[in-house]
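Overview (structure and organization)
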Amino acid sequence: MNPVAYLGPEKTNTHFAAVKRFGKRARYIHLPTVEAVFRQVEAGLADFGVVPVENSLEGAVTHTLDRFIGVMDSPIQIFGELIQPIRHYLITRGGAGKIRVVYSHPQALAQCRRWLEKRTPGAELRETGSTAEAVERLAAGRAAGRAAIGRLELARKHK
């Protein structure tokens, strides 16, 4: 069996949705864009692709919907749907202190915007390609005044 392709790095929400649907024994390949997931499946290099379609707070994921419109003459079909609860964490290193910069994927920043406005007033919100990338930036850089939004598993990975 070919691998299951999914959007984003390991330990992100789409990765956990893929594992929830196909199990821990399946082989997985993570890809950087929705387009890359579709291409992998169309080329027969992955049997299934997992991409986000909708978010209850931010609405439709337009990249995915646009790509589904373009598959009318393609063998791709929607196989199933999975509702994946999302839980974000504000991740810091060495104590929170005054947070001046918060890194995360645009979707996660949008989902947490009100909470961030109340608890980190004036903090600059910097977009990253994924929540995993946000936590990696935090782990690699100077930690003072910086935080990331992501899954708890991402924080544990960088302890």
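This report concerns the structure included in the present document. Just so you know, these numbers come straight off a predicted model, no measurement behind them. (Residues numbered from 1 in each chain as written. Predicted model: local features only at pLDDT ≥ 70, side-chain atom pairs only at ≥ 80, totals over all residues. Heavy atoms only, no water.)

1. A word on the sheet that holds strand 1 (residues 4-7)
Quick reminder of the rule: Each pair of strands is called paired provided DSSP finds at least two bridges between the two strands. Each helix is a run of H or I in the DSSP string that is no shorter than four residues. Each strand is a run of E no shorter than two, and both are numbered from the N terminus. In this description, a line fitted to the C-alpha atoms serves as the axis of each element, helices being fitted only across the stretch in contact, and the angle between N-to-C directions of two axes falls anywhere from 0 to 180 degrees. We call two residues in contact when some of their heavy atoms are within 4.5 Å.
Reading across from one edge, 2-1-3 is the order of the three strands in this open sheet, with parallel pairing throughout. In this open sheet, the two strands that pair with only one neighbour each are strand 2 (28-31) and strand 3 (48-50). Shown here is a sheet whose adjacent strand axes are inclined to one another by a mean of 25 degrees, direction ignored. Summarising the sheet, strand 1 and strand 2 pair through four bridges and their orientation is parallel. Considered in strand 2, the bridge of Val-4 is made with Tyr-28. Sheet contacts for helix 2 (residues 34-42): strand 1, strand 2 and strand 3; angle to strand 1, the most-contacted strand, approximately 165 degrees.

2. A short note on the pattern of salt bridges
Two side chains carrying opposite charge are able to pair once their charged atoms lie near each other. Note the following rule: The working definition used for a salt bridge is a side-chain nitrogen of Lys or Arg within 4 Å of a carboxyl oxygen of Asp or Glu. Three exposure classes are used, based on accessible area relative to the maximum for each residue type with a 1.4 Å probe and protein chains only: buried under 20%, partly exposed in between, and exposed over 50%.
If you walk through the whole model with that rule in mind, you get four salt bridges. A salt bridge links Glu-124 to Arg-126; the nearest nitrogen and oxygen atoms lie 2.9 Å apart. The salt bridge involving Arg-151 is made with Glu-153; its shortest N-O contact spans 3.1 Å. Given the relative accessible area of 12%, Arg-151 is considered buried.

3. Notes on the packing of aromatic side chains
Applicable threshold: Here the aromatic set is Phe, Tyr and Trp, taking the six-membered ring for Trp, and pairing holds for ring centres within 6.5 Å; pairs whose planes are under 30 degrees apart are stacked, those over 60 apart are edge-to-face, and all others are tilted. Consider the ring centre and the ring normal. A charge sits over the ring if Lys NZ or Arg CZ is within 6 Å of that centre and within 35 degrees of that normal.
What the rule picks out here adds up to three aromatic pairs. Consider the rings of Tyr-6 and Tyr-28, whose centres lie 6.2 Å apart with planes at 70 degrees: the pair is edge-to-face. Of this pair, Tyr-6 sits in strand 1 while Tyr-28 sits in strand 2, and the two are 22 residues apart along the sequence. Since its relative accessible area comes to 1%, Tyr-6 is described here as buried. Given the relative accessible area of 23%, Tyr-28 is considered partly exposed. With a centroid separation of 5.1 Å and an interplanar angle of 55 degrees, the aromatic rings of Phe-48 and Phe-79 are classed as tilted. Here Phe-48 is found in strand 3, whereas its partner Phe-79 is found in the loop between helix 3 (62-69) and strand 6 (89-91), with 31 residues between them in sequence. Geometry around Phe-22 places Arg-21 over its ring, the cationic atom sitting 5.2 Å from the centre.

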